[in-house]
Amino acid sequence: MNNLRKKDNIFFKGIQNCSLFKHLSEVELTTISLISTIEHFNKGDSLFSQGDKGGDIYIVIEGSVDFFIREGLEKKKRIASYEKNDFLGELAFFLNDMRIGTAIANEKTSVIVINKKIYELASIFKTSGFVEFLKNIANRAGATIKEISQLMTSNRNVKLQFLNKLPKVSVEEQGIEKRREGGTKFKIGNLKNLHIFKRIDSESLQRLCKKSHMVKLDKGEVIFSENSIGKSFYIIVSGAVLIVKSFKINKVNKHGKIALVPPGRPLGHLSFFDNSKRSASAIACERTTLMEIELSTYNELVNTVSEETAVAFELLQGFIDDLAVAMVNTNRALVYASSQLGLK
Amino acid sequence: MCRLVGYLGDDIQVSSLITDSDQSLTRQATDSSVQNFMNVAGTGFKAWENGSIYEDDPYTYKSIELPMYDRTLMGLTKKLKANCVLGHIRATVYGHLSLVNTTNVHPFQFSGTKIALAHNGGLADFPKMKFALAAKCKPEIANKVEGTTDSEWIYALFLSMLDDPYGNHTSEEIAQAAFKTIQEIRLLRNKFKIDTHSVINLIISNGKSVVATCFTYDFGCYEDIVSPAVLSPQMHSLWYTAGDKFGDHDGQWAMYDEDKDGASTSIIVASEPLTRNDSTWFEIQKYSMAVIDRVDGKIKLDIRDMGL
């Protein structure tokens, strides 16, 4: 192996010190270092510009980087700064390799550039370290989606559509156990058509069904409420679910519509990545059938070496694909809600 | 899924919407940005021009020529300017059971009426409810149906929801009739126990106002086979862009806002952005209705929640 890639070299240490890769083994870190380069920038140089195509991840190993987004044609606004051991550029993966802002060296700066092939490596190796890497990446994307949703509901000038009221008690709070039917009732042929299961073969899908539950909902039922703590995540098998965030305007409760989620998309999985409370409520807006997977079951699948581990990994990949869709859609929803200001 | 477009605003060369922009309606016939399905079962448009002879009557074009080879379409739209346009390219199931002829080409407008309608979507199990729906239409309106599509019957029902199908109507009256149409179809679906995903995205215009619906019955519900439309809501999404001038500026097609005063003079509503760069387009939420007027030369847009 090239001397530059040995574990005492600058690549290895730089990657190891970055929180995104803290769970990776020596072998995994060495593998990543093989697809990495070091680049140096003077103050004012741009690492990449808003609108550029590119999915590489950058780790700052010396100096600092400021991150700007454009406001109009001429103005730019600094929204973040990155210092030693911080990483940036990872969100482009979720936005079709589109850079959402411009990164400029704030002083003489060196960065490790990790080729976007890292996502393929994670898919190929499927080792626990790479699973953690994907979870960390998904966590960042999920946090960004939550921030955007928060922005949409906290800005009084942004116009959303509202629901007049929400049922007070969710299906989870009433005891979802009472609503469960056996996961083996799912038709494998139908599941295979759903985006999230496309990578999973029929046999593995059957195994997953055995570990899951079928939950049927009537139109208007709340599956889970904002700020509740989830013990399961769900995949919409048929029907559709409305994501709603509640907030107060002039002391009056409002329930803003954030997104409409169709079949084949997961629900409640963002809490899974960061163990947080539900960031929004979910309401069945048609009669809806969900596949429920308990978090304990999923963690068991991921952490135990068994035939199901690969299924759990594929599902994680499905979540990440979904985050890409969700991020684009959430961004769009924010742009839409903001746009309503200009047209009276 | 069909593709459709509505325009209201300053005079525009009709070709910019129908054939010229870098993701124009006719380009979507074979190269839609949201679906892998050809929309080549008929091209039609209505174009209203203020000050033209019989200005309430739009210029009408309908053809089943393949739109990308249709020289008549290209030639006419280049010469036509209009302040309101309603355009449509039809998609239908591939196969000998589909009837491709000009009577099935949208937009529909019955003789003597002043409102035209184009539809994107389809009503599942339509034959089950067809005769009950016909019974809800005014007889003289039902008699005008010539084609075989569910869309034309939706149009007949819509006209029948108006007190006077042949009169002049405000945008509010058009919106109310569209809402009632969707409600009536909901009742028929309940009666005949039809509960699968059915899209009813309409653009309706009388040349002075545009009303557009983005609505799906039983969203995401299916029996045994999951259709692509269920899995890809983008196929039945609805978008708008507003500004002062739609056109090609230095190689970039977009709706531009030239006077920068914050009030738009023109608006396009479409089933997908008409430009490759979609950054100036906004998606209208599902279960919504857009009611568009032009008051004192400025666009007034009201997007309403139609309820769940």
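All values derive from a computational prediction rather than experimental measurement. (Residues numbered from 1 in each chain as written. Chains lettered and ligands numbered in written order. Predicted model: local features only at pLDDT ≥ 70, side-chain atom pairs only at ≥ 80, totals over all residues. Heavy atoms only, no water.)

A.B. asks: Tell me about the overall build of chain A, and name the residues and values.
C.D. replies: Each helix and strand in chain A was counted, giving ten helices and 18 strands. Here chain A, with 344 residues, has 55% of them falling under the buried criterion. Taking the intrachain contacts of chain A between residues at least 6 apart in sequence as the baseline, contacts between residues at least 24 apart amount to 79%. Total accessible area on chain A is roughly 16100 Å²; 50% of this is exposed by carbon and sulfur atoms. (Helix = DSSP H or I, 4+ residues; strand = E, 2+ residues; numbered from the N terminus. Buried < 20%, exposed > 50% of the residue type's maximum accessible area, 1.4 Å probe, protein only. Contact = heavy atoms within 4.5 Å. Areas by Shrake-Rupley, 256 points an atom, 1.4 Å probe, with all protein chains shown as cover.)

A.B. asks: Can you lay out a negative patch on the surface for me, pointing to particular residues and giving the numbers?
C.D. replies: All names here are of chain A. Where like charges cluster on the molecular surface, the negative patch consists of Glu62, Glu83, Asp86 and Glu107. By the secondary structure assignment, aspartate 86 is in the loop between strand E5 (75-82) and strand E6 (87-88). For aspartate 86, a relative accessible area of 30% puts it in the partly exposed group. (Patch = residues over 30% accessible without salt bridge, like charges linked within 9 Å, V, L, I, M, F, W, Y side chains within 5 Å. Salt bridge = Lys/Arg side-chain N within 4 Å of Asp/Glu carboxyl O. Lys, Arg positive; Asp, Glu negative; His and termini not counted. Charge placed at Lys NZ, Arg CZ, Asp CG, Glu CD.)

A.B. asks: For the interface of chain B and chain A, give the residues involved together with the corresponding values.
C.D. replies: In this complex, chain B contributes 40 residues to the contact, which on the side of chain A involves 30 residues. Both faces combined, the contact of chain B with chain A buries some 2800 Å², and carbon together with sulfur accounts for 49% of it. Between chain B and chain A we count two salt bridges in total. Notably, a salt bridge pairs Asp195(B) with Arg287(A), separated by 3.3 Å at the nearest N-O pair. At the junction of chain B and chain A, the tally comes to seven residue pairs in polar contact (both at pLDDT 80 or more). If you list the elements that add at least two residues to the side of chain B that touches chain A, you get strand E8 (216-217), helix H8 (228-231), strand E9 (238-243), strand E13 (282-284) and strand E15 (298-305) of chain B. A total of six residues in the side of chain B that touches chain A trace back to one element, the largest contributor, which is E15(B). Its residues assigned to classes, the side of chain B that touches chain A shows 20 nonpolar, nine polar and eleven charged. (Buried area = accessible area lost by both parts, 1.4 Å probe. Polar contact = N/O pair within 3.5 Å; in protein donor to acceptor, adjacent residues only side chain to side chain. Nonpolar A, V, L, I, M, F, W, Y, C, P; charged D, E, K, R; others polar.)

A.B. asks: Got a sec to walk through the layout of surface pockets? Specific residues and values, please.
C.D. replies: All names here are of chain B. Here the second largest pocket defines a volume of roughly 1300 Å³. Contributing to the lining of the second largest pocket are 43 residues, with Thr92, Val93, Gly121, Gly122 and Leu123 lying nearest its centre. Elements with a contribution of two residues or more to the lining of the second largest pocket: strand E5 (116-122), helix H4 (126-136), helix H6 (150-160), strand E6 (198-205) and H8. Classifying every residue of the lining of the second largest pocket gives 21 nonpolar, 16 polar and six charged. (1 Å grid on protein atoms, 1.4 Å probe; cavity = no way out; pocket = protein on both sides within 12 Å on 5 of 7 lines; lining within 4 Å. Points joined across faces, edges and corners; volume = space filled by probe spheres on them.)

A.B. asks: Break down the pattern of salt bridges for me, with residues and values.
C.D. replies: All names here are of chain A. By the definition in use, this model includes 20 salt bridges over all chains. As a salt-bridge pair, glutamate 226 and lysine 245 come within 3.4 Å of each other at their nearest N and O atoms. Of this pair, glutamate 226 sits in the loop between strand E12 (222-224) and strand E13 (232-238) while lysine 245 sits in strand E14 (residues 241-249), placing them 19 residues apart in sequence. Neither glutamate 226 nor lysine 245 differs from the other in exposure class; each is buried. Here the salt bridges do not stand alone but share partners, grouping Arg180, Glu292 and Glu294 into one network.

A.B. asks: So what's going on with unusual backbone geometry? Which residues, and what values?
C.D. replies: All names here are of chain B. Going from histidine 106 to proline 107, the amide bond is cis rather than trans, its omega being -5°. Here proline 107 lies in the loop between strand E4 (81-89) and E5. Not every positive phi belongs to a glycine, and tyrosine 54 is a case in point at roughly 45°. The topology assignment puts tyrosine 54 in the loop between strand E2 (43-48) and strand E3 (59-63). Here aspartate 296, not a glycine, exhibits a phi torsion of approximately 50°, which is positive.

A.B. asks: Please give an account of empty space enclosed by the protein that cites residues and values.
C.D. replies: Here the structure, examined in full by the defined rule, presents two cavities of 30 Å³ or more. In this model, the largest cavity occupies a volume close to 50 Å³. Looking at the lining of the largest cavity residue by residue, the classes come out as one nonpolar, four polar and four charged.

A.B. asks: Describe the side chain of Lys257(A), and please don't skip the residues or the numbers.
C.D. replies: Considering the arrangement of structural elements, one finds Lys257(A) in strand E15 (residues 252-261). Of the polar contacts made by the side chain of Lys257(A), one reaches the side chain of Asp305(B); its length is 2.7 Å.

A.B. asks: Run through the sheet that holds E13(B), naming residues and quoting values.
C.D. replies: Residue and element names in this part refer to chain B. Spatially, the seven strands line up as an open sheet ordered E3-E2-E4-E1-E12-E9-E13, and their pairing is antiparallel. Taken across any chain shown, the strands that pair with only one partner, and hence form the sheet edges, are E3 and E13. Here the strands of the sheet are splayed against their neighbours by 15° on average, with no regard to which way each runs. (Pairing = 2+ DSSP bridges. Axes fitted to C-alpha atoms, helices over the stretch in contact; angles between N-to-C directions.)

A.B. asks: Give a detailed account of the environment of Lys135(A), specifying residues and quantitative values.
C.D. replies: Residues and elements named next belong to chain A. Note that lysine 135 resides in helix H4 (residues 128-154). Overall, lysine 135 belongs to the buried group, its relative accessible area being 18%. Remark: the alpha-carbon pair of lysine 135 and leucine 295, spanning 160 residues in sequence, is separated by 14 Å.

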